[in-house]
Protein chains: 2
Amino acid sequence: MTNNNHLVIMAGGVGSRFWPMSSAEKPKQFLDVMGCGKTLIQMTLERFSGIVPMENVWVVTSTEYKELVAEQLPDIPQANILLEPCRRNTAPCVCYVSWKIKKRNPKANIVVTPADHLVTRVDDFQQSINEALEFTAETDSIVTLGIKPSRPDTGYGYIEADLSYSSSRKKNIFRVDSFKEKPSLNVAEEYVRQGNFLWNAGIFIWSVSTVVNAFRVYAPEISRAFESLLPIYDTAEEQAAIDRLYNECQSISVDYAIMEKADDIFVYPVDFGWSDLGTWNSLRLQAEKDRYGNACIGPNIRTFETYNSIIHTTGEREVVVQGLDGYIVAERDGVLMVCKLSEEQRIKLFHD
Amino acid sequence: MTNNNHLVIMAGGVGSRFWPMSSAEKPKQFLDVMGCGKTLIQMTLERFSGIVPMENVWVVTSTEYKELVAEQLPDIPQANILLEPCRRNTAPCVCYVSWKIKKRNPKANIVVTPADHLVTRVDDFQQSINEALEFTAETDSIVTLGIKPSRPDTGYGYIEADLSYSSSRKKNIFRVDSFKEKPSLNVAEEYVRQGNFLWNAGIFIWSVSTVVNAFRVYAPEISRAFESLLPIYDTAEEQAAIDRLYNECQSISVDYAIMEKADDIFVYPVDFGWSDLGTWNSLRLQAEKDRYGNACIGPNIRTFETYNSIIHTTGEREVVVQGLDGYIVAERDGVLMVCKLSEEQRIKLFHD
């Protein structure tokens, strides 16, 4: 195991699309959404077992989730849990942790991953991560993982790869032509037909010098702000200074701030049973289903004449569902929702 | 107020059709099913306010519901709560309490009523009860209330009245021609067309001498059994003797044992907004509904594109229902059920 490998888990999301299972008090990454006995952030950390030593694992999260992270990931150092006082999207998060890592180890080689995604084939995932880390250890490239699309999904951003231009060091890692926003169905179908479009999984691999340089060039204000705090990182003043900095910091994604501007961006097309679990239906598709297409996650759930539905309960002792097709039945902590899967994009409105 | 008026509330039902709202541990009569702050048995007692003094109110229930009755009806004497050790239908229940009342007051005039029905026009109800009590105080007649049918309901038994033969004392009380079982829809429609068929509400009015004589004649075994215990009623041995007697007692309804055999049965056609709340849909029809036909009974229920449904929760803090038409969503004590109203007759099967 190379001690230069670092892992950054971004765990600040509030998971409002999964209400009531997920709530601002305890969002999706901290829940056992699959009913497998582990929360998503625990499964995320576990995927990097054998690749990144515990002392090199970093979690960036909201101040309010500090205890949840410490409880659920007891093996990572408390000092590696970085706390954001407010939501500023992913660029400040990545810049902050990159400077922290650089101070600790200027030769660090980093994987950045969301905390709340699912990977079903962990062996394939680990092989891909190892290959990407080898690549970024030897080059100054930014690598993003591109999931080979299995359907024309309109819920993801796409990465257009130039399949004629692979890296000389790794034949299966390609130059990025462009990043594409979530497409319409027609466009998504065209992407899938063309074969060189990949889902943007939000997983980045780079050396710390590469990412710090990219921030210096493409997001100089953010870069300067976090660099200026170098002397007080790992001191008692750090949190107060970060709190002040965040309050005034620009809110921007790392995709906008860096990826879409930088040259020398590579995409590594991968296939390891990935889902961002971004919708109830994606959760249903990934979960174990009965012969009628129902995913039942909860202690004691029985269904009758029920099809293509997801039933997810935590507080109920017993659940009986009859006569639903294509519905969500979700309960947590005394909050119950019944909603058509086709209307799930409205869930955010239900709990305003 | 005539101190001879007695009320018998039959409160032994287990309400399995209303699972999970209702359960064997706490059946429907002990629940605030309408969300009005009172349980059905409390509303039942309240309907007789001004007609029957508290010391003349009797409740016959299962041993296991003793505390529930005592808690919910704190103003009636503990000695008037009669406990059945096992379910033997209504005839033993009525016979037992009739002998108890006869021992207390041989001139008693009695109303027998289920504990779990709903009456929406209490003034009309009280007037009907008073008239019926006046009638049975002066005659040896058995009177049953017959609800004027508002629809060809197939869920009730019907009483065929001989409208040409009214009592000489009360022109609006008629001889009964026959009792009819729950009919098919065609037959029910014919009943409603004919105009002399009434719903059997299971509410009986009679003097204690009339009912005791009727048992002597038409159900002599049951009558003798309960009469034989006369010396030990109101002694320490009563409960043990009743427990033994019930174990060996025939299980039969008062309708079969008495009503269908006796002469001199009268029916009083009434109309006071009655429902036996025998089905979720009857509860929905009686409850306050929104403009879309939804009855929402629970602390914090919101509906979207939802129609003709009943939502009844007790343990949930918050409920959101989207996209249901004609459903039951019911929760109590961590047990949740979603079921089409049209399938509600299967609910009993769901909790075996």
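Residues numbered from 1 in each chain as written. Chains lettered and ligands numbered in written order. Predicted model: local features only at pLDDT ≥ 70, side-chain atom pairs only at ≥ 80, totals over all residues. Heavy atoms only, no water.

Q: Got a sec to walk through the overall build of chain A? Specific residues and values, please.
A: Of regular secondary structure, chain A possesses 11 helices and 17 strands. Seen along its three principal axes, the alpha-carbon backbone of chain A occupies a region of about 60 × 50 × 35 Å. With 352 residues in all, chain A has 58% of them scored as buried. Within chain A, contacts between residues at least 6 apart in sequence are counted, and of these 68% link residues at least 24 apart. For chain A, the accessible surface area stands at approximately 14600 Å², while carbon and sulfur atoms represent 46% of it. The averaged location of the 47 negative side-chain charges in chain A is 1 Å from the averaged location of its 36 positive side-chain charges. (Helix = DSSP H or I, 4+ residues; strand = E, 2+ residues; numbered from the N terminus. Buried < 20%, exposed > 50% of the residue type's maximum accessible area, 1.4 Å probe, protein only. Contact = heavy atoms within 4.5 Å. Areas by Shrake-Rupley, 256 points an atom, 1.4 Å probe, with all protein chains shown as cover. Lys, Arg positive; Asp, Glu negative; His and termini not counted. Charge placed at Lys NZ, Arg CZ, Asp CG, Glu CD.)

Q: Go over the relation of the copies chain A and chain B, please, and point to the residues and values.
A: Least-squares fitting of chain A to chain B yields an RMSD of 0.1 Å, with the superposition described by an axial translation of 0.1 Å and a rotation of 180°. Both chain copies can therefore be described as sitting about a two-fold axis. A share of 100% of interface residues in chain A that are also interface residues in chain B marks the association as one of identical surfaces. (Least-squares fit on C-alpha atoms with pLDDT ≥ 70 in both.)

Q: With reference to specific residues and values, describe the environment of B:Gly12.
A: Residue and element names in this part refer to chain B. Looking at where Gly12 falls in the secondary structure, it is placed in the loop between strand 1 (5-11) and helix 1 (40-46). Accessibility expressed as a relative area gives 17% for Gly12, which makes it buried. Taking the C-alpha atoms as reference points, Gly12 and Ala132, 120 residues apart in sequence, are found 25 Å from one another. Here Gly12 is in contact with Gln29, Val60, Thr61, Ser62, Tyr65 and Arg87, once residues within four sequence places are set aside.

Q: Any details on the pattern of salt bridges? Residues and values, ideally.
A: Side chains that differ in charge, positive against negative, can pair when their charged atoms come close. For the coordinates displayed, the defined rule picks out 33 salt bridges over all chains. Here B:Arg151 and B:Asp153 are joined by a salt bridge, their closest N and O atoms 3.0 Å apart. The exposure class assigned to B:Arg151 is partly exposed, which follows from its relative accessible area of 31%. Because the salt bridges share partners, they merge into one network encompassing A:Lys100, A:Asp234 and A:Glu238. (Salt bridge = Lys/Arg side-chain N within 4 Å of Asp/Glu carboxyl O.)

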